[in-house]
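Structural overview
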Amino acid sequence: MTTVLIVAATAPKQPAVLIEALERFRARGASVTVACFFNSADLPVDPALAEVRTFAVPGEKRDARLRKALGRAPANRKVWLHARRNAWLRQLYRKADLLVALDARAVHTVWEMAQRNTRAGAYYGLVPAQRALDARRPESVGRRLERQVSAAAGIGARGARRAATQTVRTTLRKATGQTVMSNPAGAWFWTRAVAAPRVPDRFRSKLAVRLHDSAVKAGRPAVAARAASAAVSRISSAGTRADVLTKAAQAELALGRVPTGLHDAIRAQLALADSLLPRDSKKAAAAVSRAWSLASNRVLHFDRLSSPMSEDPGAFLAPFRESTAARKLSAKRGRLAPAAPVPADRPLRLLVTTLINDNFLQEILERYRAMPNVEVRFLDLYDDPVTRPLALSGSTVMEHLLAGESSYGAKIEEWLRPHLDWADTVFVDWCQATAALFTLHDPGTARIIVRLHSFEAFNFWPHLVDFSRVDDVVFVSEHLKDLSTAVLPQLTEADGPRLHVIDNAMDLQRYPRSKPADARFTLGMVGFSSVAKDPRWAIEVLRRLRERDERYRLTLIGSDFNNRTSKPAKDYGKLFSKDLAELEPLGAVRRYGQTDDVPAALQEVGIILSASVRESFHCGLVEGAASGAVPVVRDWPFFAGKPHGARSLFPADWVVATPEEAAERILAATATEERWAEAGRAASEHVLKTWDWTVTQSGYDRLLLDD
Amino acid sequence: MSNRVLPLPRSGGGKRPHAIYLAIGFPPAAKSSAYRLRETANQFVALGWDITVITICQEAWEREYGLDHTLSEKVDPRVKVVELPLIREDLETDIRAFSEERSLDPAGWIKRLRQREQKVFPEPVFGGWRYDLEQAVLRVHREHPADLLLASCAPYVNLAATWKLWEEHKVPYAVDFRDGWSLDVIGGGEAFTRDSVSGRWESKVLEHAVAVWCVNDPIAGFYRERYPHLADRVHVVRNGYDEDSLPDVSGRSPDPAAGLTFGYLGSVNFTPAFLESVLDGWRIARRDDPVLASSRFEVRGHIGAGPAREANRHMDLLKEAAVDGVSFGGPVPKADLAATYGSWDALVLMLVGGRFVTSGKVYEFMATGLPVLSAHDVDHDATNILAGHPLWTGAVGLDPHRLANSFSEAARMALKATDADRTAARRLARRFARPAVLGPAVRHLTELVRPTTAGDSAPAASTEDVQL
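Residues numbered from 1 in each chain as written. Chains lettered and ligands numbered in written order. Predicted model: local features only at pLDDT ≥ 70, side-chain atom pairs only at ≥ 80, totals over all residues. Heavy atoms only, no water.

**Comments concerning the overall build of chain A**
Rules: Helix numbering and strand numbering both begin at the N terminus, where a helix is a DSSP run of H or I of at least 4 residues and a strand a DSSP run of E of at least 2. Restricting the calculation to C-alpha atoms gives the radius of gyration, and the globule rule supplies 2.2 Å times the number of residues raised to the power 0.38. When accessible area is computed with a 1.4 Å probe and restricted to protein chains, residues below 20% of their type maximum are described as buried, those above 50% as exposed, and intermediate ones as partly exposed. Contacts between residues were defined by any pair of non-hydrogen atoms, one from each residue, lying within 4.5 Å. Counted as positive: Lys and Arg. Counted as negative: Asp and Glu. His and the chain ends are not counted at all. To locate a charge, take NZ of a lysine, CZ of an arginine, CG of an aspartate or CD of a glutamate.
Per the secondary structure count, chain A includes 31 helices and 17 strands. For 707 residues, the compact-globule estimate of 2.2 N^0.38 gives 27 Å, and chain A exceeds it by more than 25% at 34 Å. Principal axes of the C-alpha set define a box for chain A whose edges measure 105 × 65 × 60 Å. Across the 707 residues of chain A, 53% fall into the buried class. Across chain A, every contact between residues at least 6 apart in sequence was considered, and the portion connecting residues at least 24 apart equals 71%. Distance between charge centroids for chain A: 15 Å, based on 100 positive and 79 negative side chains.

Written out as structure tokens, the structure reads:
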């Protein structure tokens, strides 16, 4: 009787096909076993047709050796490692006449079985196996002997090779690990080895990335940079060079550090993009996108207490300004016709648009919806699940801009053109994807207004906006205008858009409420979820106050600190958690949590803090001040010492440079209940007459309704 | 049309001109293009040519479409066939022939193979055959100098060998493009741009071709538009049918109580969703129509290749439909075609694609004289071919409910059709008999390269339906 062994690594997608094949095998008088790497109950087969058994070694029965082997084996080999452990399966495959792999994952197992049973046929697929069975011819003894010898030799040789390869890999991994790279002799050796002549690029690049990674982890960034630089100087391919430098920079960013070779990596990607641009705009776009991805990484700008962009935008962006491909992304394409004036004979059609975040639009929408001379439409590019993906891919926009035309561009045209045709004025909130997409094509006669808040200045999106198609740019503060114009010099060119600073729209009237007397000792912060809010600065202020008077406490309003964004955020989060673990049990810190009723939460706050390292305006602080809390504002370090910043935005006595100064101001302002109440009342009056929507709306009226 | 007369003959003093015919898929390959290739070769012989067909070994077809030796019986014995030992490695199913690397990652191994193939010539699967084909045409030419090379595509790697012979020996050539290369016949757009590697190959080779054949007007139109200066060299040479495939359908009177037999014959090369729509239509029709309720639907042809041969989702769908009277019977040898068609009462024409797709089976289906049910897009070239057929249900797209109506309509036609209807249907198809299509095309090619000697023994064939 012919014995057939079918090996299935995964439950067959066509069980009916298998059943029919089993029937055919039975009709030919064959005895069939189906060996499954999955639960045999998932393959119900009539026992008269075939025996179905599982051979996977259960988790609890895997010894250390098997676990180790499984850990490093490729996926298909794992199936064989299980199969070879199974006594009944070993017996079966050694005596089978025909070995069949039912699926791709089972092929290696059957291949190994065939090396050990040189008499059997071995096939991939049921129909080829059936055909082989039909055409089966006895083999000559000589042929079979030859196959046996070669298979036995092969098994031995492969085993030895596998062991040798594993040993070499382990040795190499250890030899290039952190311990060796932290040792000056090891670092010296590998820095020279990685630059040795005649090493193929692919090996050199892998070794360079590995050495860099180990050196960075060992706390030797300078060694890491030297190793990468030595390797790169020997790599001939621009793509591989850029790849090595980018991986090295990414490794450092992942560890929360500003990469030593950040600009080298950015320049390498941009050089690659420039060289690719004439012949392959898609690949060029991918390279620019990688450069921007490095430059916009949040570790650089958002999860640390400083940013190279705010320190010196010109120097930080110099590689982009020198690159042809990067410059092409923001090249002026102009508009065919100027924006039409505000219509006199019918209501102004105002399209207000954003992507996801409409937090700062409610008052604006409400005001103009109520005006008979304005017809308002609101468009959130995220709302429609069909078109949403078009707004979420910066690299696709780059591809389009470098190619000049694309099917993506056609889809954007089809999507946004009806809105552009309808609107007299398009108010784009946030200078990000929405602004890039609304300027991707000629806006016709629609007037385009873009409002830039803060984070965008550190991001790539404004560099994809065609400002020759934008009529007005609105900033929410002078210091953001300063930073943005340094980042985007095209804004200040003679033919650039009109620039405005208009305060955020805030309804502050609902905040003033009476406060209990003990609010005098309660510091408050609205929003503390990110490193940029620097809640530990507030903790530091609190500590200094409590050294003098233990009645001081801190209330944190808003969602909890998010430590999942990056390694630096995680590190910051750990320290912040320690602070909380110490101060919360004492009642010194209270997390109020997220609330929709901020005015109520602020009732218990007597001193409102702005501890941030950067803010465009800080609505939370102003709301606190409106409630009657005494404002204490850190001189936001990103802008401190520059012409505009916290000191130019708020009254001078609100702003402090250090936690000590803050503590002093608070102690002075809260020395008596009367003094505290008076300071709070004065602050409330100031913000209400300066920033309440009833005052600031005239700025928007002038912007939107005047010609 | 301009006749491009080239300096010939170059057949080494022989009396008969010699053509090299790159025809991968030549009989005995059980491939749908085998009929066109066979007829073309036979027509050359009939016009007084020596012809050497270059194809690949029979073992290669065993792995893929299979072999049908009955197809070879009608090949003119004067046709010389050179079989090259080329084989699709990706379709190997003998695991003993696998390297360890391939066994560990079959899909990855094939992916890397594809990359290697495309480095040689920009065509996956076949690109790696380039140098063997080039050497083969040079060898054949050395042994028997050629006056003409005709390359039938696909595979398009044939173009590399064509170009090689032109480059080295200036042997004039024509390209039987059939479905075209730079046209995505299924999607309807451009398959690749002119400045891509494939695009550069195509434009380079077509530049010097004496003629370019396509199977229908939309494809020819695409090429004339893409290469306006070659427009007069682009010709429509349709597929056709073979008389010996046709059943005797006279005097039929099916019994409605016993039900009818519907049939499909051809490669199952459409998506499972497509097949599912047709089977759903069939089920609805059986539920609503008492004649269909007792009828059968037989599917014949190739399903899958390599390890997936007859082991894919299509097979599952057909097996699931067995309770609804659907059966799969495997491929049909050419010699059994007439009998198979003869055992059916109506034909189900399942076709992928749209206006650029004609397919060969539409001609054979219409020539049988049996009712034809269309299961394909409404805007499909088959619609143009079948227009006027008295026993055609019309194209209704792929909505199962509309297909169910078509099944009922086809059943009604099968029961009511008269001999006159069937004769009218056959008469309509006659212009697509292979000799009628390919005879004039080969004659024209002959005139282009040997303007003074061709045509002595050409068969009398009408050219009215062949657009040259």
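**What to know about the domain arrangement of chain B**
Residues and elements named next belong to chain B. Note the cut-off: Note that domain bounds follow an automatic or database assignment of domains. When two parts are brought into contact, each loses some accessible area as probed by a 1.4 Å sphere; the total of that loss over both is the buried area. Counted as salt bridges are all cases of a side-chain nitrogen of Lys or Arg within 4 Å of a carboxyl oxygen of Asp or Glu. Think of a polar contact as two N or O atoms within 3.5 Å of one another; within protein, one of them needs to be a possible hydrogen donor and the other a possible acceptor, and neighboring residues in sequence only count if both atoms come from side chains. Polar here means any residue other than Ala, Val, Leu, Ile, Met, Phe, Trp, Tyr, Cys and Pro, which are nonpolar, and Asp, Glu, Lys and Arg, which are charged; Gly is therefore polar.
On domain assignment, one finds that chain B holds domain 1 (18-240 + 433-449) and domain 2 (243-430). Between the C-alpha centres of domain 1 and domain 2 there is a distance of 29 Å. Taken together, the two surfaces of domain 1 and domain 2 that pack against each other cover about 1900 Å², and 55% of this comes from carbon and sulfur. There are two salt bridges connecting domain 1 and domain 2. One salt bridge connects D244 with K74, and the closest N-O pair in it is separated by 2.4 Å. Applying the counting rule to domain 1 against domain 2 returns five residue pairs in polar contact (both at pLDDT 80 or more). If you list the elements that add at least two residues to the side of domain 1 that touches domain 2, you get α1 (34-46), α2 (58-63), α3 (69-72) and α9 (217-226). Ranked by residue count, the leading element in the side of domain 1 that touches domain 2 is α9, at three residues. In terms of residue class, the side of domain 1 that touches domain 2 is made up of 14 nonpolar, seven polar and seven charged.

**Describing the pattern of salt bridges**
What the rule picks out here adds up to 67 salt bridges over all chains. Across the salt bridge formed by D90 of chain B and R114 of chain B, the nearest N and O atoms sit 2.9 Å from each other. Note that D90 of chain B is positioned in the loop between β3 (80-84) and α4 (100-104) and R114 of chain B in helix α5 (residues 106-120), a separation of 24 residues in sequence. An identical accessibility class is assigned to D90 of chain B and R114 of chain B; each is buried. Overlapping salt bridges bring together R536, R543, D579 and E582 of chain A as one network.

**Some remarks on the sheet that holds strand β12 (residues 372-375) of chain B**
Residue and element names in this part refer to chain B. Note the cut-off: One requirement defines pairing of two strands: DSSP has to find at least two bridges between them. For helices, the fitted axis covers only the stretch in contact; all axes are lines through C-alpha atoms, and the angles between them, taken along N-to-C directions, range from 0 to 180 degrees.
The six strands lie next to each other as β10-β9-β8-β11-β12-β13, forming an open sheet whose pairing is parallel. Strands at the two margins of the open sheet, each flanked by one partner only, are β10 (326-328) and β13 (392-395). Averaged over all neighbouring strand pairs, the angle between strand axes comes to 20°, with direction disregarded. Where strand β9 (residues 296-300) meets β10, three bridges bridge the pair, whose relative direction is parallel.

**A few points about the packing of aromatic side chains**
The cut-off we apply is this: Between rings of Phe, Tyr and Trp, where Trp is taken as its six-membered ring, a pair exists when centres lie within 6.5 Å; planes separated by under 30 degrees are stacked, by over 60 edge-to-face, and by other angles tilted. The criterion for a charge sitting over a ring is simple: Lys NZ or Arg CZ within 6 Å of the ring centre, and within 35 degrees of the ring normal.
As enumerated under the stated definition, the model contains 41 aromatic pairs over all chains in all. Ring geometry for Y264 of chain B against F270 of chain B: centres 5.8 Å apart, planes inclined by 70°, an arrangement best described as edge-to-face. Overall, the relative accessible area of 3% leaves F270 of chain B in the buried class. Pairwise contacts between aromatic rings join F121, Y156, F177, W181, F192, W201, F222, Y223 and Y227 of chain B into one cluster. The ring of W88 of chain A is capped by R53 of chain A, whose NZ or CZ atom sits 4.2 Å from the centre of that ring. For the cation-ring pair, R388 of chain A lies above Y382 of chain A, with the distance from its terminal atom to the ring centre recorded as 4.1 Å.

**Focus on the nonpolar core**
Heads up, the condition is: For this analysis, a nonpolar core means a set of buried residues of the types Ala, Val, Leu, Ile, Met, Phe, Trp, Tyr and Cys, connected via side-chain atoms within 4.5 Å.
The biggest cluster of nonpolar side chains holds 126 residues, and the ones touching the most others in it are L437, F650 and W691 of chain A. In this structure, F650 of chain A is in contact with F617, L621, V622, V633, W636, V655 and W691 of chain A, ignoring residues within four places of it in sequence. Counting residues in hydrophobic clusters, the runner-up holds 91 residues, among them Y241, F274, Y363 and A367 of chain B.

**A look at unusual backbone geometry**
Residues and elements named next belong to chain B. Residue P28 is reached from P27 by a cis peptide bond, and omega for that bond is 15°. Relative to the helices and strands, P28 resides in the loop between β1 (18-22) and α1. A cis amide bond, omega 15°, links C153 with the succeeding residue A154. The residue A154 is located in the loop between β4 (148-152) and α7 (158-169) in this model. Positive phi, normally seen in glycine, also occurs at V125, with a value near 75°. Along the chain, V125 turns up in the loop between α5 and α6 (130-143).

**With respect to the interface of chain B and chain A**
Contacts between the two partners involve 22 residues from chain B and, on the opposite side, 34 residues from chain A. Buried area between chain B and chain A, summed over both chains or domains, comes out near 2200 Å², and the portion from carbon and sulfur atoms is 57%. Of all residues in chain B, I95, R96 and E100 of chain B give up the largest surface area on contact with chain A, accounting jointly for 33% of the area buried on that side. Applying the counting rule to chain B against chain A returns one salt bridge. We note a salt bridge from E20 of chain A to K319 of chain B, for which the minimum N-O separation is 2.3 Å. On inspection of chain B and its partner chain A, the count reaches nine residue pairs in polar contact (both at pLDDT 80 or more). Broken down by secondary-structure element, the contributors of at least two residues to the side of chain B that touches chain A are α4 and α12 (313-320) of chain B. Here the side of chain B that touches chain A takes four residues from α12 of chain B, the largest share from any one element.

**Quick look at the domain arrangement of chain A**
Its domain assignment divides chain A into domain 1 (3-137), domain 2 (178-323), domain 3 (348-501) and domain 4 (517-691). For domain 1 of chain A and domain 4 of chain A, the distance between their C-alpha centres works out to 68 Å.

**Focus: the side chain of S477 of chain A**
Mapped onto the elements, S477 of chain A comes out in the loop between β10 (472-475) and α23 (478-487). Excluding anything up to four places from it in sequence, S477 of chain A contacts V501 and S616 of chain A.

**Here's the deal with helix α12 (residues 238-254) of chain A**
Residues and elements named next belong to chain A. Rules: A helix is expected to span 1.5 Å for every residue after the first.
Its 17 residues place the ends of α12 24 Å apart at the C-alpha level, agreeing with the 24 Å of an ideal helix rising 1.5 Å per residue. Restricting attention to buried positions, one finds in α12 the residues T240, A242, V244, L245, T246, A248, A249, A251, E252 and L253. On its buried face, α12 is in contact with α10 (201-217), α11 (221-234), α13 (262-276), α14 (281-295) and α15 (298-301). The opening residue of α12 is S237, an N-cap whose side-chain oxygen sits 3.3 Å from the backbone nitrogen of G239. Positive backbone phi, approximately 85°, marks G256, located one or two places after α12.

**Regarding a positive patch on the surface**
Residue and element names in this part refer to chain A. Test applied: To count toward a patch, a residue needs a relative accessible area above 30% and no salt bridge. Like charges then connect within 9 Å, nonpolar side chains (Val, Leu, Ile, Met, Phe, Trp, Tyr) within 5 Å. To measure how exposed things are, a 1.4 Å probe is used in the Shrake-Rupley method; for residues, cover is taken only from the protein chains shown.
Positive charge collects at one region of the surface, where K68, R72, R173, K174 and R210 lie side by side. Taken together, the elements giving at least two residues each to the positive patch come down to α2 (64-72) and α7 (141-175). If you trace the backbone, K68 turns up in helix α2.

**Some points on the sheet that holds β4 of chain B**
All names here are of chain B. Spatial strand order, β3-β2-β1-β4-β5-β6-β7: seven strands in an open sheet with parallel pairing. Two strands lie at the open edges of the sheet, namely β3 and β7 (234-236), each paired on one side alone. Pairs of neighbouring strands in the sheet enclose a mean axial angle of 20°, with direction left out of account.

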